[in-house]
Amino acid sequence: MCCLLLAALPAFALPTFDEVRSAYRPSDAVLFARDGRPLHSLRVDHSVRRLAWTPLKDISPALLHAVIASEDQRFMTHAGVDWLAAGHAAWNNLRGNRTRGASTLSMQLAGLIDENEQKRGRRSFFGKITQSTAALRLERTWSKGQIIEAYLNLVAFRGELQGVGAMSRALFGKWPHGLDYRESALAAALLRAPNSAPGVVAQRACTLLGELQQADECRGLEAFAALSLNGKLRESKQDAPQIAPHLAHKLLPQAGGNQRSSLDADLQAFATSALRRQLSALHLHHVADGAVLVIDNASGEILAWVGSSGELSAAPEVDGTTALRQAGSTLKPFLYAQAFERRMLTPASLIEDAPLSLDTGNGLYTPQNYEPDYRGWVSARRALAGSLNVPAVKTLLRVGTDAFHARLKAHGFASLKEDGEWYGYSLALGSADVSLLMLANAYRSLANGGRWSPLRTLPGRTVASPPCSQGGCNGVFTGPPRTVNAPATAFLIADILADRNARADTFGLESWLSTPYWSAVKTGTSKDMRDNWCVGFSRRYTVAVWVGNASGSPMHDVSGISGAAPAWREVMDWLQRGDPGKGRAIVDSRPPTAPAGLSQRAIRFVPASEPARSEWFLHGTEMSVIHAASAKALSRIAYPTSGSIIALDPDIPPERQRIPLRLSGAAEHGWHWRINGKPLLKAEAKARWLPQPGRHRLSLHDARGNLLDGVDIEVRAMRGKTP
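The following paragraphs examine the structure supplied in this document. (Residues numbered from 1 in each chain as written. Predicted model: local features only at pLDDT ≥ 70, side-chain atom pairs only at ≥ 80, totals over all residues. Heavy atoms only, no water.)

Let's talk about the pattern of salt bridges
Right, so step 1: One pass over the full model with this rule turns up 31 salt bridges.
Right, so step 2: We note a salt bridge from Arg540 to Asp296, for which the minimum N-O separation is 3.7 Å. Of this pair, Arg540 sits in the loop between strand S17 (531-537) and strand S18 (541-548) while Asp296 is found in strand S6 (residues 289-296), placing the two residues 244 residues apart along the sequence.
Right, so step 3: We classify Arg540 as partly exposed; its relative accessible area is 32%.
Right, so step 4: The exposure class of Asp296 is buried, given its relative accessible area of 13%.
Right, so step 5: Close ionic contact of Glu610 with Arg382 constitutes a salt bridge, the shortest N to O distance being 3.9 Å. Taken together, the positions of Glu610 in the loop between strand S19 (598-606) and strand S20 (613-618) and Arg382 in helix H15 (residues 380-385) put the pair 228 residues apart, joining distant regions of the chain.
Right, so step 6: A residue is classified by how much of its surface remains accessible, and Glu610, at 4% relative accessible area, is buried. (Salt bridge = Lys/Arg side-chain N within 4 Å of Asp/Glu carboxyl O. Helix = DSSP H or I, 4+ residues; strand = E, 2+ residues; numbered from the N terminus. Buried < 20%, exposed > 50% of the residue type's maximum accessible area, 1.4 Å probe, protein only.)

Some thoughts on the packing of aromatic side chains
Each aromatic ring pair is characterised by the separation of its centres together with the angle its planes make.
Right, so step 1: Using the criterion set out here, one finds 11 aromatic pairs in the structure.
Right, so step 2: Measuring from centroid to centroid gives 5.5 Å for Phe270 and Trp574, while their planes differ by 20°, and the two rings are stacked. With Phe270 in helix H13 (residues 265-281) and Trp574 in helix H22 (residues 565-577), the pair connects residues that are 304 residues apart, well separated along the chain.
Right, so step 3: The interplanar angle of 55° and the centroid separation of 6.4 Å between the aromatic rings of Tyr336 and Phe340 together place this pair among those described as tilted. With Tyr336 and Phe340 both in helix H14 (residues 332-341) and four residues apart, the pair spans about one turn of that helix. With respect to class, Tyr336 is no different from Phe340; both count as buried.
Right, so step 4: An aromatic cluster of three or more residues is present, and its members are Phe17, Tyr24, Trp53 and Trp142. (Phe/Tyr/Trp six-rings, centres within 6.5 Å; stacked < 30°, edge-to-face > 60°.)

Any functional reading would require information that these geometric values do not contain.
Next comes the structure, spelled out in structure tokens:
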């Protein structure tokens, strides 16, 4: 009869066993390390709970016996349709008796396959054939083992649990190969009525155990069923250590399944542990959160992505690598690089570290150093290495806020949405919000000789980042490679950041930043100690660390050197020693070779504010003797500021309305002010100008008439007061 039915129907495309297995997708996807080791599993399909496909050899024989006894007793002998069971069912239906049914495992599997095909957007093959005929065709091309294996992986057991793997892990806390007869009977009893009450399921399971000649297993079965079916479902995760949750949340939903990443499994585990150790040591200082990134300088591949401190944090889901935070002093290297490149400064140039007040139009801006003292005349090398604030602001006066803002954007700081004037002078001290990802890649560009390129989280290719509203900010993972600093300028900055002598006044000769191998590093702390950074690079790797609180609450007495730096050093040390057995060679510890365009010269300072030393210069900027008096050339117009609007009151005598003309530092002999190009006053401390209504260009010139600085202002006359 079966042959006649098959011959009478046209051929149709029935999926093969391999096609069904290949189309199967677990609800949990796994993020793998670059070497294939699992790092993290994540639920990506919330409609069902499925684990990986379970092969027949990994399914308990007890479960196979129970399912066949419950659903299809003549499974091993029929050809897809149990005609005897079908006849009994038809007879019982005619007599009005309840019947067990005649649907075989093959018929049920045909229905499950058709349902899955329709979910995938395929046309239903039941439109051409009956379920019985589908089962007959299935039996002709599939083995019995393949049929029951596919059935147990596709069938729903209870609630959202689909497949034998998810059922076994969630209900009984074990893998399918370990199920005993009592557990197998409960599982088989669920197939007919997956959401029945535990007592009803236990009764059916006990009947089934009797048929399997395992009646002794019925003792305590109802209580066991209540515990298994009513208890909290156990997590049915894959075998992954769960150490990369934030990157998993970014990559796995996009991939729709398992994904191999660029992460190094050993490094990811070590960086996670190093961060947690440091945060545990800081718990009395009100520090709970942190993040670590490690990047391969040459390829841009991210080797470690630790987004939070995990259970130490009150908000472990917040990704500290993409969250936008105030950058603190970590932006200073890019400011000095721009000043060097524009030949406004050399590493030997002197800048006066002294009290400074600048008029912003909304009040005075008075930057202060981290330590409440001033150093007097300091070289740019020591100012940057020691992270002095006043010299950085004076350098910004030279470069200009808009020019520096544009340079930061070129370095990949896509979160700087406003213009340079909006951030003002505080941009030199890191008032802008940036992410650890942006910061790390910007420092990597210094390690690569001023060449910026996108980061990678997948081996060999880049991926798009989420928008800024989700913390990612486009520009970190996308954009064409570009040169943002000349190689010679990048070398100068790296050389300064690697100079332990230059930073000794601030950090001491021996600190977490002083590595026994070559490395360049910078720390930063934002206002009120809310964010703490340490970012640096060796010849091969860039490591970036942030510590703070996801809530934004301030830390207690934590600086970059005590907060983020210890974790940075621990990770950098681990990278440096390498592991040849796992393909990680010992990193070259020598300083990088100077590129073209640089020369080294012995210098001395007059007076001797700093010891004599050998210094690097861009060609054409060399000096042998640096006089403190020459540093006055750094003075700029401090007041009035560009864009100021000055109102004249007709009721006040004109001589009382003169405005002071102030510089950011001392003036050299012969310097003078001009208004609209005409000589006005000598540039001296007591210079005051009587403003006239209109728009004016106020400029500062040296003794030869060369323009040093200029601002645009407007003077308005107020109407007289009514008596």
